[in-house]
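Working through the structure, step by step
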Amino acid sequence: MMEPNTTAIDWQELINIAWEKRRPLWQNSHIDCFRVFHGYEEGSRGTVIEKFNDAAVIDYKTDIREDLPQLREALLHIFPFKNIIAKGHQSLGLSLKERTHILHGNDTLATCNEYGLKFTVKLDIPHNPGLYLDARDARNWITGNSSNRRVLNLFAFTGSLGLSSAYGKAAEVIHLDRSKELLPRIQENYRINNIKFETRNFLRGDIYKHLPRAIKAGKKFDGIILDPPPKVYQSPHAKHKTNGQDFPALIKYCTQLLNPGGWVLGMLHRFDFSCDDFEDQVTDASGGLLLPQSRLTSGIDFPESMPDKKLRVSIFVAHSDPGP
Ligand SMILES: C[S@@+](CC[C@H](N)C(=O)[O-])C[C@H]1O[C@@H](n2cnc3c(N)ncnc32)[C@H](O)[C@@H]1O
């Protein structure tokens, strides 16, 4: 295999500019995790760098392995990071060992803080370390809108969105994810925040199996968090062919599980849909019951010249009187 050459990028300059733009974030004492560098718009396509407290994770899709020592120095120049890890994307065709580099420090775990909540992250795992930083404002909204509500967190991952509900004094939060490894991570996030939980509320399983059962059992919620991946895999339990984020089918389930006045927070990850299309699709699938109430997006650490490339979050409210 050919060795990569260094790129002509002046990393120190790019990192300094990006860091200065994020001044409101690093000056905010309630946050110590944010995206430090969003290369798509800030000078190096395919490279993103995220800060989780005193750890930095560099993700690269373009081969910048030869630049990593320079990038490490640039990062240490702006912040006294204790750990810096670089991870190459699998599309580079390199083995996991070839594309993972511990550039500084020895720890592979970190705990970061956001608006009063702590989250654990695993720095060296191939995909997201455990906290989606673009959902910061969504978590904050959930905390402020969960009091006394029964909340269902679908596609829960490490539980950060449902944990925000629990922190916001939800009456109960149920997390559902199909991956077995995630349940202990949700539990750990509750534990480090001293938030009480019942393990029976952390469900492992397929959404297409659990939701019809919950409907049959007459379960009702006052808030549903719906964050499907950009492409939902076909489930053996789904009677239809799943498509993209599969909102029409998922919303039909949610509509039957929601109490009047309840909300659904939906996250749109696809670029082939506008926010208006998404909201129309949800309202239609709910038979007019769910109406869009407000929108949220990612923060200044995810600069995008095209607004539709940002994370788009819509909040829908169930009206007691469905339209004609
Ligand atoms: C994009 S992540 C969700 C991120 C999460 N909402 C957060 O903000 O931390 C997608 C998650 O959906 C889960 N998942 C995918 N398909 C599923 C299915 N059919 N049933 C249950 N969980 C599923 C995956 O295991 C993964 O954890």
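Quantities reported herein were computed from a predicted structural model and do not represent experimental measurements. (Residues numbered from 1 in each chain as written. Predicted model: local features only at pLDDT ≥ 70, side-chain atom pairs only at ≥ 80, totals over all residues. Heavy atoms only, no water.)

With respect to the helices and strands, Ile 84 occurs in strand β4 (residues 83-88). On the basis of relative accessible area, Ile 84 is assigned to the buried category, the value being 0%. For the pair Ile 84 and Pro 303, spaced 219 residues apart in sequence, the C-alpha to C-alpha distance is 23 Å. (Helix = DSSP H or I, 4+ residues; strand = E, 2+ residues; numbered from the N terminus. Buried < 20%, exposed > 50% of the residue type's maximum accessible area, 1.4 Å probe, protein only.)

Turning to the site of the ligand, a few remarks are in order. Within the structure, the ligand sits among 14 residues, and Phe 155, Asp 177, Arg 178, Ile 207 and Asp 227 are positioned closest to it. Arg 178 has a polar backbone atom sitting 3.1 Å from a nitrogen atom of the ligand. The separation between a nitrogen atom of the ligand and a polar side-chain atom of Asp 227 is 2.7 Å. In isolation the ligand exposes 610 Å². Once the protein is present, 91% of that is buried. Residues belonging to the shell around the ligand are distributed by class as follows: seven nonpolar, three polar and four charged. (Near = heavy atom within 4 Å. Polar contact = N/O pair within 3.5 Å; in protein donor to acceptor, adjacent residues only side chain to side chain. Areas by Shrake-Rupley, 256 points an atom, 1.4 Å probe, with all protein chains shown as cover. Nonpolar A, V, L, I, M, F, W, Y, C, P; charged D, E, K, R; others polar.)

Put simply, helix α6 (residues 136-144) and helix α7 (residues 160-167) touch, their axes get as near as 7 Å, and they point 30 degrees apart. It follows that α6 is roughly parallel to α7 by the angle criterion. For the element pair α6 and α7, the recorded crossing hand is right-handed. Counted together, Arg 139, Ile 142 and Thr 143 of α6 and Ser 160, Leu 161, Ser 164, Ser 165 and Tyr 167 of α7 form the full contact between these two elements. A class-by-class count of the residues in the contact of α6 with α7 yields three nonpolar, four polar and one charged. (Axes fitted to C-alpha atoms, helices over the stretch in contact; angles between N-to-C directions. Parallel < 35°, antiparallel > 145°, perpendicular 65-115°, else oblique. Left-handed = near helix turned anticlockwise from the far one by under 90°. Contact = heavy atoms within 4.5 Å.)

So, on to the side chain of His 175. When you line up the elements, His 175 lands in strand β9 (residues 172-177). For His 175, a relative accessible area of 0% corresponds to the buried category. A distance of 2.8 Å separates a polar atom in the side chain of His 175 from a polar atom in the side chain of Tyr 190. When sequence neighbours within four positions are dropped, the list of residues in contact with His 175 reads Asn 153, Ala 156, Gly 159, Gly 162, Leu 163, Ile 186, Tyr 190, Asn 201, Phe 202 and Leu 203.

Let's shift gears to the domain arrangement of the chain. Looking at the assigned domains, one finds that the chain contains domain 1 (11-122) and domain 2 (133-318). Averaged C-alpha coordinates put domain 1 and domain 2 at centres separated by 27 Å. Each partner contributes residues to the interface: domain 1 has 24 residues there, and domain 2 has 20 residues. Carbon and sulfur atoms supply 59% of the area buried between domain 1 and domain 2, which totals about 1,900 Å² over both sides. Here domain 1 and domain 2 share one salt bridge between them. Residues Arg 139 and Glu 114 are paired through a salt bridge, measuring 2.7 Å at the closest nitrogen-oxygen approach. (Domains from an automatic or database assignment. Buried area = accessible area lost by both parts, 1.4 Å probe. Salt bridge = Lys/Arg side-chain N within 4 Å of Asp/Glu carboxyl O.)

Let us look at the side chain of Asp 134. Inspection of the secondary structure puts Asp 134 in the loop between β7 (117-122) and α6. The buried charged residue Asp 134 lacks any salt bridge partner; its closest oppositely charged side chain belongs to Arg 139, at an N-O distance of 6.4 Å. Ignoring any residue separated from it by four or fewer positions in sequence, one finds Asp 134 in contact with Thr 297, Ser 298, Phe 302 and Leu 311. (Lys, Arg positive; Asp, Glu negative; His and termini not counted.)

As a further point, take the pattern of salt bridges. Counted under the stated rule, the structure contains 15 salt bridges. With its nearest N and O atoms 3.6 Å apart, the salt bridge here joins Glu 42 to Lys 21. Of this pair, Glu 42 sits in helix α3 (residues 39-42) while Lys 21 sits in helix α1 (residues 11-21); the two residues are 21 residues apart in sequence, bridging distant segments of the chain. The shortest N-O distance in the salt bridge between Arg 22 and Glu 42 comes to 2.7 Å. Taken as a pair, Arg 22 in the loop between α1 and α2 (23-26) and Glu 42 in helix α3 lie far apart in primary sequence, 20 residues in all. Accessibility classification places Arg 22 together with Glu 42 in one group, the buried group. Via salt bridges that share partners, Lys 21, Arg 22 and Glu 42 belong to a single interconnected network.

Moving on, we come to the pairing of β7. Judged from the six bridges that link them, strand β6 (residues 109-114) and β7 form a sheet pairing that is antiparallel. Note on β7: the bridge partner recorded for Ala 110 is Val 121. Linkage of β6 to β7, two consecutive antiparallel strands, is achieved through a turn of two residues, within which Tyr 115 is found at a positive phi near 45 degrees. (Pairing = 2+ DSSP bridges.)

This part covers the sheet that holds strand β13 (residues 290-297). Reading across from one edge, β10-β9-β8-β11-β12-β14-β13 is the order of the seven strands in this open sheet, with mixed pairing throughout. Both outer strands of the open sheet, β10 (202-204) and β13, are each paired with one neighbouring strand and no more. In this sheet, adjacent strand axes meet at a mean angle of 15 degrees when their direction is disregarded. Sheet topology note: the strand β12 (residues 258-268)/strand β14 (residues 312-318) ladder contains six bridges and is antiparallel. Counterpart to Leu 268 in the pairing with β14 is Arg 312. Along the sheet face, α7 touches β8 (150-154), β9, β11 (221-226) and β12 and points at about 175 degrees away from the line of β9. Seen against the sheet, helix α8 (residues 182-192) touches β9 and β10 and runs at an angle of roughly 170 degrees to β10.

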